[in-house]
Amino acid sequence: MKSGFIIVYLIITILFVLLLSACEQNRFKNGAQLYAQRRYAAAVEQLDRYISSGDNGAYVTRAELMRSDCYFQLGMAAFEKENWTLTIRLLKLANSDQADLQLAKVYKVLAQDAIEQDDIPKAMTYYNLILSEAANSELVPEVRQSRIRQFLGYYNDKTAAWNEYMLLFDSYPEHPSELAARPLVDSFIYLNIDEAVLKAINKNYNAALEDLFQIRRYPVGNRDRIDLEISNIYQEQAENEIQTQNYAEANRLFLKALQYYPNKKAAIDKRLEAIAQLYLDKGDDYLRFRDFDNALVYYNKAFEIIPDYEKGIQAINNLNRIRDNINTAARLYEEAQIEEINRNYAEARRLYSQAYALDAVAVYNERAGMMSNLIEAERNPLAFARSIINNYRNGLLYNRIQSQKQQLLKKYNKDEIKDTGWKILLSPGQYKYEARYDLITPDDALYYVWQINLKDRSVIPLNKISDKLMQ
């Protein structure tokens, strides 16, 4: 009994659901039939009632689409009658992409009417509505071009015109409206270039480059002049880096300058060579102090500026030659010392001279001269000693002695003055001799005496009057 009741209940429930479904379906069909009959106003009323109470998601969605098209069709009817207020209200109720595109056309008509009435702000309001509510409209390029014209002609706002053009080109390059806008932009873009150059003059290089590169992205203005100004900025930055001896960065900036204005190649190549030469000069400074490792570092830096730089190759070859000469000279010096110890003075002199020719170290030349002295000292020490004293400072001692004698002749007769001439005597110490010269008068005697070192040709006074004579 109980199970029979349940079955009856289920059957009644199913029948009730089917009845409700059929009822909902009929309500949907009523609205759909009105839509199919193009009775759009009545369809909207019927579909609204169904949408507010319908439970079938698929039917509700279809009803919403039909209602949207009803509003669109009603809006188009209002459009044909040029009832713009009603058209706008209905198209907004349609809330569809096609309605938005049609709205753009309405706004364009209203904007044109406003322009004809010289109400530019109102026209710009409608242009803004097109851009905000119908961004996909085919009218957008034309609207942006018209806005550029109004920004320039009515508002005299070149910044706004430039920003508008960039938006136009970025989305619609080569579009007829973009092409038509180019002359408008060309009428003022040179001022933007001048402002960027002024920033560079004021040392605001990054901002200047940013502005110029932005302009360069677009097919307006004098491209050759823009590239020249960019190149000039990079070149000026490079010169600044040279002042701080940051040659690598200067080189990078010079190459940038050349990249944007190849006509500067000759001048910039010359400047790059100057930078490379600065590296070579720095290397030469280290070379003078025989710091070969650091010299080589700077010589190689020249190749970072100019690959295969001929002067750099020559500098490195010269470094290697000098280093080899220094090493060879040091070896010859050691050999010469051995020959000197063995009293082979001629061979020692040859080796010292060779060492000095390879590496102009003072000690090499001094030792070579000393060997020449020892050779003379070995051959005829007395004659060598006499030659040294006679030739000392171009005959200074002998000439002053003779001058002293002339003073004595003013007081004494010639036969009253005894002139001994040079007397060369052996002195204690190896290769040392004394050179004496006496002037004797009845009242006084002048005894001059010096020690001569044959080894180094030095002359040392041995009494006060000899010392005074040398001063």
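The rules behind each value
- Every chain is numbered independently, its residues counted from 1 as its sequence is written.
- Thresholds applied to this predicted model are a pLDDT of at least 70 for local features of residues and 80 or more for the giving and counting of side-chain atom pairs; totals over whole chains, interfaces and linings are not thresholded and use all residues.
- Hydrogens and water are ignored here; the side-chain numbers use all heavy atoms of the structure.
- Helix numbering and strand numbering both begin at the N terminus, where a helix is a DSSP run of H or I of at least 4 residues and a strand a DSSP run of E of at least 2.
- For the radius of gyration, the atom set is restricted to C-alpha positions; the globular benchmark scales as 2.2 Å times the number of residues to the power 0.38.
- Think of it in three bands: with a 1.4 Å probe and only protein chains considered, a residue is buried below 20% of the maximum accessible area for its type, exposed above 50%, and partly exposed in between.
- Here, residues are in contact when the closest pair of their heavy atoms is within 4.5 Å.
- In short, Shrake-Rupley with a 1.4 Å probe defines the accessible areas, and a residue's cover is counted only from the protein chains shown.
- For cavity detection a 1 Å grid was placed over the protein atoms alone, and a set of points counts as a cavity when a 1.4 Å probe fits there but cannot get out; an open set counts as a pocket when protein lies on both sides within 12 Å along at least five of seven lines, with lining residues being those that have an atom within 4 Å of a point.
- Grid points are joined across faces, edges and corners, and a volume is the space filled by probe spheres set on the points.
- A pairing counts as a salt bridge when a side-chain nitrogen of Lys or Arg comes within 4 Å of a carboxyl oxygen of Asp or Glu.
- For this analysis, a polar contact is any N or O atom pair within 3.5 Å, provided that within protein one partner can donate a hydrogen and the other can accept it, and provided that sequence-adjacent residues contribute only side-chain to side-chain pairs.
- For patches, a residue must show more than 30% relative accessible area and have no salt bridge; joins then use 9 Å for like charges and 5 Å for nonpolar side chains, namely Val, Leu, Ile, Met, Phe, Trp and Tyr.
- All tallies of charge rest on Lys and Arg as positive and Asp and Glu as negative; His and the ends of each chain are not included.
- To locate a charge, take atom NZ for lysine, CZ for arginine, CG for aspartate or CD for glutamate.
- A pair of aromatic rings is counted whenever rings of Phe, Tyr or Trp (Trp by its six-membered ring) have centres within 6.5 Å, and the orientation is called stacked for planes under 30 degrees apart, edge-to-face for over 60 and tilted otherwise.
- How far a helix is expected to stretch is found by multiplying one less than its residue total by 1.5 Å.
- Residues grouped as a nonpolar core are buried Ala, Val, Leu, Ile, Met, Phe, Trp, Tyr and Cys residues, joined through side-chain atoms within 4.5 Å.
- When DSSP locates at least two bridges between a pair of strands, those strands are taken to pair.

Chemist: What is the right way to look at the overall build of the protein in this model?
Modeler: From N to C terminus, the protein includes 21 helices and five strands. For 471 residues, the compact-globule estimate of 2.2 N^0.38 gives 23 Å, and the C-alpha radius of gyration of the protein, at 55 Å, exceeds that figure by more than 25%. Across its three principal axes, the protein shows a C-alpha extent of roughly 175 × 80 × 35 Å. Split into buried and exposed, the 471 residues of the protein put 40% on the buried side. Counted over contacts in the protein with a minimum sequence separation of 6, partners at least 24 positions apart contribute 48%. Carbon and sulfur atoms make up 51% of the accessible area of the protein, which amounts to about 27100 Å² in all.

Chemist: Can you help me understand the layout of surface pockets in this one?
Modeler: Once rolled over the atoms, a probe with the size of a water molecule shows which space is left empty. The computed volume of the largest pocket comes to approximately 250 Å³. Lining the largest pocket are 13 residues; nearest its centre among them are Thr159, Trp162, Asn192, Glu195 and Asp211. Of all the elements in the fold, those that place two or more residues in the lining of the largest pocket are α8 (158–171), α10 (189–201) and α11 (205–216). For the lining of the largest pocket, the leading source of residues is α8, giving five residues.

Chemist: Help me understand the pattern of salt bridges, please; the structure alone is not making it clear to me.
Modeler: Note on pairing: side chains with opposite charge can pair once their charged atoms come close. For the coordinates displayed, the defined rule picks out 27 salt bridges. Measuring nitrogen to oxygen at the nearest pair gives 3.3 Å for the salt bridge that ties aspartate 170 to arginine 217. Of this pair, aspartate 170 sits in helix α8 while arginine 217 is found in the loop between α11 and α12 (223–243), placing the two residues 47 residues apart along the sequence. Residue class for arginine 217 comes out exposed when judged on its relative accessible area of 52%. Put simply, aspartate 194 and arginine 225 hold a salt bridge, and the shortest N to O gap is 2.8 Å.

Chemist: Explain the side chain of arginine 147 here, please?
Modeler: Summarising the element assignment, arginine 147 is placed in helix α7 (residues 140–153). Looking at arginine 147, its side chain comes within polar contact range of the side chain of glutamate 164, at 2.8 Å.

Chemist: Honestly, a negative patch on the surface in this entry has me stumped. Any pointers?
Modeler: Among the surface-exposed residues, Asp415, Glu416, Asp443 and Asp444 lie close enough to one another that they form a single negatively charged patch. Here aspartate 443 shows up in the loop between β3 (432–440) and β4 (445–453). Among the residues examined, aspartate 443 registers a relative accessible area of 57% and is labelled exposed.

Chemist: Would you explain the packing of aromatic side chains in this entry?
Modeler: In this description, a pair of aromatic rings is defined by centroid distance and the angle of the planes. Within this structure, the stated rule accounts for 21 aromatic pairs. Between tyrosine 286 and tyrosine 298, the aromatic rings sit 5.7 Å apart at their centres with planes inclined by 20 degrees, giving stacked as the arrangement. Pair noted here: tyrosine 286 is in helix α14 (residues 265–288) and tyrosine 298 is in helix α15 (residues 292–305), with a separation of twelve residues, a long-range link. Ring geometry for tyrosine 333 versus tyrosine 364: centroids 5.1 Å apart, planes at 35 degrees, classification tilted. With a gap of 31 residues between them, tyrosine 333 in helix α16 (residues 310–341) and tyrosine 364 in helix α18 (residues 362–379) connect regions that are remote in the sequence. Accessibility assignment for this pair places tyrosine 333 and tyrosine 364 in one class, buried. Among the aromatic residues, ring-to-ring pairing joins Tyr398, Trp422, Tyr437, Tyr448 and Trp450 into one connected group.

Chemist: Please clarify how helix α13 (residues 247–260) should be interpreted in this entry.
Modeler: Within an α-helix, residues lying three or four positions from one another point in the same direction, as the helix has 3.6 residues per turn. Between its first and last C-alpha atoms α13 spans 20 Å; for 14 residues at 1.5 Å apiece the expected length is 20 Å, and the two agree. Within α13 the residues assigned to the buried category are Tyr247, Ala250, Asn251, Leu253, Phe254, Ala257, Leu258 and Tyr260.

Chemist: What is the right way to read the environment of glutamate 195 from this model?
Modeler: Tracing the backbone shows glutamate 195 in helix α10. Separated by 13 residues in the primary sequence, glutamate 195 and alanine 208 place their C-alpha atoms 8.1 Å from one another.

Chemist: Where do I start with the nonpolar core in this structure?
Modeler: As a rule of thumb, soluble globular proteins bury nonpolar side chains together. The biggest cluster of nonpolar side chains holds 99 residues, and the ones touching the most others in it are Ile148, Trp162, Tyr165, Ile275 and Tyr299. What tyrosine 165 contacts, discounting residues up to four positions off in sequence, is Ile148, Glu178, Ala181, Arg182, Val185, Tyr218, Pro219 and Val220. Ranked by size, the runner-up nonpolar core spans 41 residues in total, among them Ile375, Ile388, Leu397 and Leu439.

Chemist: Honestly, unusual backbone geometry in this entry has me stumped. Any pointers?
Modeler: Note on backbone geometry: most residues besides glycine have negative phi, and most peptide bonds are trans. In the Ramachandran plot, glutamate 82 falls in the positive-phi region, its phi being about 60 degrees despite a non-glycine side chain. Inspection of the secondary structure assignment puts glutamate 82 in the loop between α3 (57–80) and α4 (84–94). Notably, arginine 290 is not glycine yet its phi reads approximately 60 degrees, a positive angle. For arginine 290, the location among the structural elements is in the loop between α14 and α15.

Chemist: Hey, could you run me through α16 in this one?
Modeler: Helix length check: α16 (32 residues) gives 46 Å between terminal C-alpha atoms against 46 Å at 1.5 Å per residue, within 8%. Those residues of α16 that fall on the buried side of the exposure criterion are Gly312, Ala315, Ile316, Leu319, Asn325, Ile326, Ala329, Leu332, Tyr333, Ala336 and Glu340. Contact partners of the buried residues in α16: α14, α15, α17 (345–358) and α18. Directly beyond the C-terminal end of α16, a positive phi value near 65 degrees is found at arginine 343.

Chemist: Explain the pairing of strand β5 (residues 458–461) to me, please; I cannot follow it from the model alone.
Modeler: Along a regular strand, successive side chains alternate from one face of the sheet to the other. Both β4 and β5 contribute to a ladder of four bridges, which runs antiparallel. Directly across from asparagine 453, in β5, lies its bridge partner serine 458. The turn linking β4 back onto β5 is made up of four residues, and arginine 457 within it adopts a positive phi angle of 65 degrees.

Chemist: Mind showing me how you'd approach the pairing of β3 here?
Modeler: Where strand β1 (residues 418–419) lies against β3, two bridges are found, and the strand directions are antiparallel. Opposite aspartate 419, over in β3, you have leucine 439 as the bridge partner. Two strands pair when backbone bridges link them, and strand β2 (residues 423–426) and β3 are joined in this way by four bridges, in the antiparallel orientation. In the sheet register, leucine 425 faces β3, and the bridge partner there is glutamate 434. The turn linking β2 back onto β3 is made up of five residues, and glycine 429 within it adopts a positive phi angle of 105 degrees. Note: β3 against β4, nine bridges, orientation antiparallel.

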